[in-house]
Amino acid sequence: MLPGDGVGPELMHAVKEVFKAGNVPVIFDEHHLSEVQNTASEEKLDRVVDSMKESKVALIGKIHTPMEYKGDLASYDMRLRESSESLKGFQESCRGTGDKACRDRTQGMASSRGGRARAVTPLCPQSAKGVIECLKIITRAKSQRIAKFAFDYATKKGRAKVTAVHKANIMKLGDGLFLQCCKEVAELYPKIKFDTMIIDNCCMQLVQNPYQFDVLVMPNLYGNIVDNLAAGLVGGAGVVPGESYSAEYAVFELGARHPFAQAVGRNIANPTAMLLSASNMLRHLNLEYHSNMISDAVKKVIKGGKVRTRDLGGYSTTSDFVKSVIDNLHPNYGA
């Protein structure tokens, strides 16, 4: 467990309270890694990676990435995901309006390698004062992998369509390769409809008519944008769970990954997303009973409408929401 920054520690406390009440057979190895709180170091990063190698599963909050350049372009959040070869290749799926957005996190403009800015290097001299180049990397292997992930997911979940989101009309080589790989993989899944959409149009269509989409697959940066847009459509960062997978590892986190720093210590954050992420983690661990117990309890609280945090138009506190979830785990709990 990595609580992260902002309201992360409060949300993780909510998870631990619910797990305790539900007698969930999980013991967390908790680590605190934060650049903004000066609790990040190479030693701590190594301990986190060692823990993940041992358990193969993690529940994490948002590790905030400072805007200031401190000599290393890769944040601790990104380095955590790339610290070992086994941890590379995360493919994130984030629930939005009933859709799934599958995003390659290892390349493109939002990764430390694919989005690095550079000024003077032997291979690429600075062409003019004040000019910075941004390098976008797209590879056939990773594009095919995320496309296959999307189609496999659609097949497993009975989804009817996969939409590849791109900017190949402008980025003809990079996004063009990604789009071509998606088309090639689509031919292997004739029962699933495949179409394509430019990212800017996709954002507009998600707002105007989100129900036309089913599964979306896209490069890293576009996925980051669509994750947050989709979360906003269904209630905000507090309600959308997210998952990241590699061949061996699974990371469960907030879908929109927003630290909500302005809410720290105010007991107003919505724990829905983190509780649902924790429920998904339990399902991944084959703890179906406990997973369903928690997700059903959360859904009952939301459907009841009596206990709503501020982001959902209510006045309930985080503690109120957690207590209501616990009461729905066991109707007589605490009586």
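Residues numbered from 1 in each chain as written. Predicted model: local features only at pLDDT ≥ 70, side-chain atom pairs only at ≥ 80, totals over all residues. Heavy atoms only, no water.

Re helix H9 (residues 288-304)
In step 1: Taking 1.5 Å of rise per residue, the 17 residues of H9 would be expected to cover 24 Å, and the 24 Å separating its terminal C-alpha atoms lies within 8% of that figure.
In step 2: For H9, the full list of buried residues reads His290, Ser291, Met293, Ile294, Ser295, Ala297, Val298 and Val301.
In step 3: Two residues or fewer past H9, Gly305 is found with a positive phi of approximately 75 degrees. (Helix = DSSP H or I, 4+ residues; strand = E, 2+ residues; numbered from the N terminus. Expected span 1.5 Å × (residues − 1). Buried < 20%, exposed > 50% of the residue type's maximum accessible area, 1.4 Å probe, protein only.)

Considering the packing of aromatic side chains
In step 1: As enumerated under the stated definition, the model contains 5 aromatic pairs in all.
In step 2: On the basis of an interplanar angle of 45 degrees and a centroid distance of 6.0 Å, the ring pair of Phe151 and Phe194 is categorised as tilted. Note that Phe151 is positioned in helix H4 (residues 140-157) and Phe194 in strand S7 (residues 193-198), a separation of 43 residues in sequence.
In step 3: Using a relative accessible area of 0% as the deciding quantity, one classes Phe151 as buried. (Phe/Tyr/Trp six-rings, centres within 6.5 Å; stacked < 30°, edge-to-face > 60°.)

A closer look at unusual backbone geometry
In step 1: One non-glycine residue, Lys56, lies in positive phi territory at about 70 degrees.
In step 2: Within the fold, Lys56 resides in the loop between helix H2 (42-55) and strand S1 (57-59).
In step 3: For Lys56, a relative accessible area of 30% gives the class partly exposed.
In step 4: For Asn286, which is not glycine, the phi dihedral falls at a positive 65 degrees.
In step 5: Within the fold, Asn286 resides in the loop between helix H8 (272-284) and H9.

Focus on the packing of helix H1 (residues 8-21) against H8
In step 1: The interhelical angle for the contact between H1 and H8, taken along N-to-C directions, is 50 degrees, at an axis separation of 9 Å. Taken together, the axes of H1 and H8 lie oblique to each other. Every pair of crossing elements has a handedness; the one defined by H1 and H8 is right-handed. Contact residues: H1 offers Leu11, Met12, Ala14, Val15, Val18 and Phe19, while H8 offers Met274, Leu275, Ala278, Met281 and Leu282.
In step 2: For the contact of H1 with H8, the residue count by class is 11 nonpolar, no polar and no charged. (Axes fitted to C-alpha atoms, helices over the stretch in contact; angles between N-to-C directions. Parallel < 35°, antiparallel > 145°, perpendicular 65-115°, else oblique. Left-handed = near helix turned anticlockwise from the far one by under 90°. Contact = heavy atoms within 4.5 Å. Nonpolar A, V, L, I, M, F, W, Y, C, P; charged D, E, K, R; others polar.)

Describing the confidence of the model for the protein chain
In step 1: Of all residues in the protein chain, 77% have pLDDT values of 70 or greater, and the mean over the chain is 83.
In step 2: Considering each helix and strand of the protein chain separately, the mean pLDDT is smallest for strand S4 (residues 117-118), with a value of 36, and largest for S7, with 97.
In step 3: Here residues 84-97 is modelled with pLDDT under 50, and outside its nearest four sequence neighbours on either side it reaches 65 contacts, counting other chains as well. (pLDDT = per-residue confidence, 0-100.)

Here we look at the state of the cysteines
In step 1: Considering all chains together, one arrives at 0 disulfides under this definition.
In step 2: Left without a disulfide partner, Cys203 is nearest to the cysteine sulfur of Cys202, which lies 5.7 Å away. (Disulfide = S-S within 2.5 Å.)

Overview of the pairing of strand S9 (residues 241-245)
In step 1: Counted residue by residue, S9 has 5 buried out of 5 residues, so it is predominantly covered.
In step 2: Taking every second residue as pointing to the same face, both faces of S9 are buried, with Pro241, Glu243 and Tyr245 on one and Gly242 and Ser244 on the other.
In step 3: Two strands pair when backbone bridges link them, and S9 and strand S10 (residues 250-254) are joined in this way by 5 bridges, in the antiparallel orientation. Each residue of the ladder has a partner; that of Tyr245, found in S10, is Ala250.
In step 4: The hairpin formed by S9 and S10 contains 4 residues between the paired strands. (Pairing = 2+ DSSP bridges.)

Remarks on the pattern of salt bridges
In step 1: Evaluated as defined, the whole model comprises 9 salt bridges.
In step 2: When the shortest N-O distance is used, the salt bridge between Arg140 and Glu184 registers 3.0 Å. With Arg140 in helix H4 and Glu184 in helix H5 (residues 174-186), this residue pair connects regions lying 44 residues apart in the sequence.
In step 3: The salt bridge partner of Lys167 is Asp200, with a shortest N-O separation of 3.0 Å. (Salt bridge = Lys/Arg side-chain N within 4 Å of Asp/Glu carboxyl O.)

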